[in-house]
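Examination of the molecular architecture
What follows is each chain in one-letter form.
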Amino acid sequence: MNTFSEVYKTLRRQNRKQYLLLFGCLFFSALLISSYISMMYSPTILTVLPEGGDSRKQVMMIFVLTAIGCMVFSLYAAGLFFRQRSKDTGIFLALGADRRLLAVQVLKEMCLLLALSCICGIVLSIPFTRGLWTLFRLLVVDTEEMTLFLDPRAFVFTLAFSLMVLFLLLFTGYRSIQRISVIDIIHESHRSEPIRSVPKSYGKLGIALLCAGVFLGYQGPSFFMSVFHWNPPGALSALLYLPALTGLYMILLHTVVNGWRQSTHRYKNLVSDSQMKFQGRQTVQTLLVMSILIAGAYFASFYTPVTGTGSAAEYSLRQTDFLYRFRMDQKIPRKPEVQKLAGRYDVEITDWTDIPAIRLGVDGTDRIWTQQAVGMTEELRYRRLLCSALFLPESAYASYTGDAPGLKPGTLGAVFRGDANPDSYSSRDVSLVTNTLSGQTMKVDSIVPLKHDTLFGYYVMNDEDFLSMETGLSEEWKEMLCLFNVTDWENSYDFAKALFYDITDHSDQNVELFQSWDPVVKQIDDHEKGFYFLDPEHIEDHGFEKIDYNERDSSAFRLNWEYMPKFRILDKQDFLKTLAVYFMLFIFIAIVCFAAVFVIAFTRTMTIVLSGRLVYEDLRRLGASDPYLYHTVRDQAKRVFLTPAVVGTSAIYCFFAMILYLNDQSFSPSELTALWICALVAVPVSLLYYGIYRVTLRKACRVLDIRCKKD
């Protein structure tokens, strides 16, 4: 070996395990990011996640957390690599090697390693993503719209991520080479990361800040809206969560430095406590990233049970098995045709009710948004004609519900859900009703709150008022509600599906409309803006999917068609199919986040163990037994694994509970059930997490040559 390159190549072969570890971490980062990006920008996913919607924002938020996590454990792996190679670097410098030559060699190594890991990660992410998605389809649900299409342009983001990681790796390597003292480089593997002592009050203060920050971040935008009529930008709203992040950091800092043990256990864990303090800085940062990633993973995991439980409860509480409504200008099947269809499927219809409805204009307060330098301001302006609403005659309402409200002329009944909070009644204030075709108006003296789940959202008026306001309306402004029950609704799926297809077959393009399409708002917008954004010709330009009868089995159609029927058995049986893409996406996100947490925890634990190897050797020379050394290693590994798991899981669980409670200042039975299911979801994940912890602990003991089977 006469040249520097030959010597370097020989040392590289001797340190191949370190190269493999770094390659593995970089490869795993590229694999996770590529899989996430390819999934997130797949046309399959973008079809059901409207641009600017909350679901897409949540997916993007969790992606940012995952990218940070992948970057963190890549840097830790690189730091561990350079720490272990520091002695070789010091030897070369002592022998007179030029720093620039070493820097060039590091540049070549890092570029080669990152290029190989990135290529392998991108290539293998395709079968990984498709395999996982196919497994979901085989085990959970399979629909035509769940066919996964990947956009190759998404991998550009993976390349950008890899370049950013490369820059950080090169910077880390450059710093390790530019050390002034050769002795510092040789002893780099012995260097600690001490952290200053912190007051013991940090723990309780951190918990208080965490709770306050979560509440402030969630309720802050609503406060600004209600008090100042100002909608802050998303970035500024995110700053409201900073107290929560500070509190989380303080909790982890207190855990690493002080711990939560009583003073009686102080000397029993003296070595492990001291080791955690000496490795404190990066450990706290690691635990912070892990806690956030665990919270993001559980956020995605809880989406399915919370949504599913609420829907299941809604199906079971419906007062009517079948409900569909239609405009009177449509030739939709009525009772005779439906009874004939039911006979083909041996379904017996009972309790048929027809309820006429008319669509009238109502007044209200319009919100006019003005873009400012920071955020948007809201101006409230009263309009005599704001939008439209559907009105039912009192006699038909009483005949169907058995509740006669006894409405006087000029009085309206507003129908709320059965579990509605009385505080929400003010949100349905109307003082003027208008027949937009004849111009006739009716002043509303008062509004009586009514409760009925099936007719939620409708208004009820006195029969005389109904007949008076109906005069002059064309059939486009009149509707009919058909409600009926069957003797055995649980065995009526084939009939329900056939009736749904029959309704769509008899609906023309005039009602091929997106949910919440409003003829009054259309008139106003056509006059003031020149177009209505929910019209079929404009809807796709505003981030919504166009309603298409040819796609009537898709989730976009069933969730967003204005006249989508409510058939209990159809909704119950097809619920999973309708929301399958949402469920699969969030489950995939949870898997990616948990995988990143597992790798970060393993990498950080091994970093702490290898950094303290000399301490364990000194303890063994002083007579420390293997059981004691095992207890010390286990205590450090437990803090790395247990602390973020407890903090992240409890924080996101309480956050979900807070959201459910603040919806109507109470917990409904379905919400309580959802919280129980979320708790059960955490059980298998925790068991898997514990298994990773046990594997990591055994690996650490082998590295330190600690032989102890006793736990």
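Rules and cut-offs
Residues numbered from 1 in each chain as written. Predicted model: local features only at pLDDT ≥ 70, side-chain atom pairs only at ≥ 80, totals over all residues. Heavy atoms only, no water. Helix = DSSP H or I, 4+ residues; strand = E, 2+ residues; numbered from the N terminus. Buried < 20%, exposed > 50% of the residue type's maximum accessible area, 1.4 Å probe, protein only. Contact = heavy atoms within 4.5 Å. Areas by Shrake-Rupley, 256 points an atom, 1.4 Å probe, with all protein chains shown as cover. Disulfide = S-S within 2.5 Å. Pairing = 2+ DSSP bridges. Salt bridge = Lys/Arg side-chain N within 4 Å of Asp/Glu carboxyl O. Phe/Tyr/Trp six-rings, centres within 6.5 Å; stacked < 30°, edge-to-face > 60°. Lys NZ or Arg CZ within 6 Å of the ring centre and 35° of its normal. Core = buried A, V, L, I, M, F, W, Y, C linked by side-chain atoms within 4.5 Å. Patch = residues over 30% accessible without salt bridge, like charges linked within 9 Å, V, L, I, M, F, W, Y side chains within 5 Å. Axes fitted to C-alpha atoms, helices over the stretch in contact; angles between N-to-C directions. Parallel < 35°, antiparallel > 145°, perpendicular 65-115°, else oblique. Left-handed = near helix turned anticlockwise from the far one by under 90°. Nonpolar A, V, L, I, M, F, W, Y, C, P; charged D, E, K, R; others polar. Expected span 1.5 Å × (residues − 1). Bend = angle between axes of the 7 residues up to and from the residue.

Next up on the list: the overall build of the protein. Secondary structure assignment for the protein yields 24 helices and 11 strands. Buried residues in the protein amount to 50% of all 711 residues. Once local pairs closer than 6 in sequence are excluded, the contacts in the protein between residues at least 24 apart make up 82%. Summed over all atoms, the accessible surface of the protein reaches about 34,600 Å², with 59% contributed by carbon and sulfur.

Quick look at the state of the cysteines now. Following the criterion strictly, the structure yields 0 disulfides and no others. Cysteine 654 carries a free sulfur, and the closest cysteine sulfur to it, the one in cysteine 211, is 7.0 Å from it.

Phi is positive for aspartate 346, close to 55°, though the residue is something other than glycine. As for its placement among the helices and strands, aspartate 346 is situated in the loop between helix H13 (335-344) and strand E3 (349-371). Here serine 516, not a glycine, exhibits a phi torsion of approximately 75°, which is positive. As for its position among the elements, serine 516 is in the loop between helix H16 (493-505) and helix H17 (519-528). According to the relative accessible area criterion, serine 516 is exposed, its value standing at 52%.

Now for the pairing of strand E10 (residues 478-486). Where burial is concerned, most of E10 is hidden: 8 out of the 9 residues are buried. Pairing analysis gives 6 bridges linking strand E2 (residues 322-327) to E10, with the strands arranged antiparallel. Residue pairing across strands places arginine 327 opposite glutamate 479, the latter belonging to E10. In terms of strand pairing, E3 meets E10 through 8 bridges, oriented antiparallel. Counted as the bridge partner of alanine 357 is glutamate 479 from E10.

Right, let's get into the pattern of salt bridges. The final tally for this structure, using the stated rule, is 15 salt bridges. The partner of aspartate 329 in a salt bridge is arginine 327, with the nearest N and O atoms 2.9 Å apart. The buried category is assigned to arginine 327, whose relative accessible area is 8%. Aspartate 505 is the partner of arginine 552 in a salt bridge, and the nearest nitrogen-oxygen pair spans 2.8 Å. A residue pair is termed long-range when its members are at least 10 positions apart, and arginine 552 in the loop between H17 and helix H18 (555-560) and aspartate 505 in helix H16 qualify at 47 residues. Counted as one network, the salt bridges with shared partners bring together Arg325, Arg359, Glu479 and Glu562.

Attention shifts here to the packing of aromatic side chains. For the structure on display, the rule yields 26 aromatic pairs. Relative to phenylalanine 557, the ring of tyrosine 549 lies with its centre 6.2 Å away and its plane at 65°, an arrangement referred to as edge-to-face. Looking at tyrosine 549, the relative accessible area reads 15%, which means it is buried. Classification of phenylalanine 557 as buried rests on a relative accessible area of 2%. Seen from their ring centres, phenylalanine 594 and phenylalanine 598 are 6.4 Å apart, and the 20° between their planes marks the pair as stacked. Placement of the pair is phenylalanine 594 and phenylalanine 598 together in helix H21 (residues 580-611), with a separation of 4 residues, close to one helical turn. Since its relative accessible area comes to 10%, phenylalanine 594 is described here as buried. An aromatic cluster is defined as three or more aromatic residues linked by ring pairs; in this entry it consists of Tyr298, Phe299, Phe302, Phe594, Phe598, Phe641, Tyr653, Phe656, Tyr689, Tyr690 and Tyr693. Sitting over the ring of tryptophan 489, arginine 568 keeps its end group 4.6 Å from the ring centre.

The subject of this paragraph is the nonpolar core. Ranked by size, the top nonpolar core spans 110 residues in total, and within it Leu22, Met110, Tyr298, Val633, Ile652 and Tyr689 carry the most contacts. Other than its neighbours up to four places away in sequence, leucine 22 contacts Ser74, Ala77, Ala78, Phe81, Met110 and Leu113.

A few words now on a nonpolar patch on the surface. The grouping of Met60, Val64 and Ile68 at the surface amounts to a nonpolar patch, some 220 Å² of accessible area in total. Along the chain, the position of methionine 60 falls in helix H4 (residues 54-94). With a relative accessible area of 32%, methionine 60 lands in the partly exposed category.

The next point concerns the packing of helix H8 (residues 202-228) against helix H10 (residues 242-257). Orientation of H8 relative to H10, taken along the N-to-C sense of each, is 155°, at an axis distance of 7 Å. Between H8 and H10, the angle is such that the two are roughly antiparallel. Crossing of H8 over H10 shows left-handed handedness. Of H10, the residues touching H8 (which contributes Tyr202, Gly203, Leu205, Gly206, Ile207, Leu209, Leu210, Gly213, Val214 and Leu216) are Pro243, Ala244, Thr246, Gly247, Leu248, Met250, Ile251, Leu253 and His254. Tallied by class, residues from the contact of H8 with H10 come to 13 nonpolar, 6 polar and no charged.

Residues that lie three or four places apart on an α-helix share one face, since the helix turns once every 3.6 residues. In this model H8 runs just 34 Å from its N-terminal to its C-terminal C-alpha over 27 residues, more than 12% under the 39 Å that 1.5 Å per residue would give. The sharpest bend along H8 reaches about 45° and sits at glutamine 219, with the proline proline 221 one to four residues further on. For H8, the complete set of buried residues consists of Tyr202, Gly203, Gly206, Leu210, Gly213, Val214, Gly217 and Gly220. Backbone geometry just downstream of H8 places histidine 229 in the positive-phi region, at approximately 55°.

In this section: the environment of tyrosine 298. With respect to the helices and strands, tyrosine 298 occurs in helix H12 (residues 280-317). Excluding anything up to four places from it in sequence, tyrosine 298 contacts Phe594, Thr649, Ile652, Ala682, Val685 and Ser686.

Bringing the pairing of strand E4 (residues 376-393) into the picture now. Alignment of strand E1 (residues 230-231) against E4, held across 2 bridges, turns out to be antiparallel. The residue bridging asparagine 231 from the neighbouring strand is methionine 376, located in E4. Alignment of E3 against E4, held across 13 bridges, turns out to be antiparallel. Its bridge partner being in E4, aspartate 366 is matched across the sheet by arginine 381. Direction of pairing for E4 relative to strand E9 (residues 459-461): parallel, over a ladder of 3 bridges. Residue pairing across strands places leucine 392 opposite valine 460, the latter belonging to E9.

Attention now goes to the packing of H13 against H16. Running from amino to carboxyl end, H13 crosses H16 at an angle of 140°, the nearest separation of the two axes being 9 Å. Put simply, H13 runs oblique to H16. Remark: the crossing between H13 and H16 carries right-handed chirality. Of H16, the residues touching H13 (which contributes Val338, Leu341 and Ala342) are Phe495, Ala498 and Leu499. Grouping the constituent residues of the contact of H13 with H16 by class yields 6 nonpolar, no polar and no charged.

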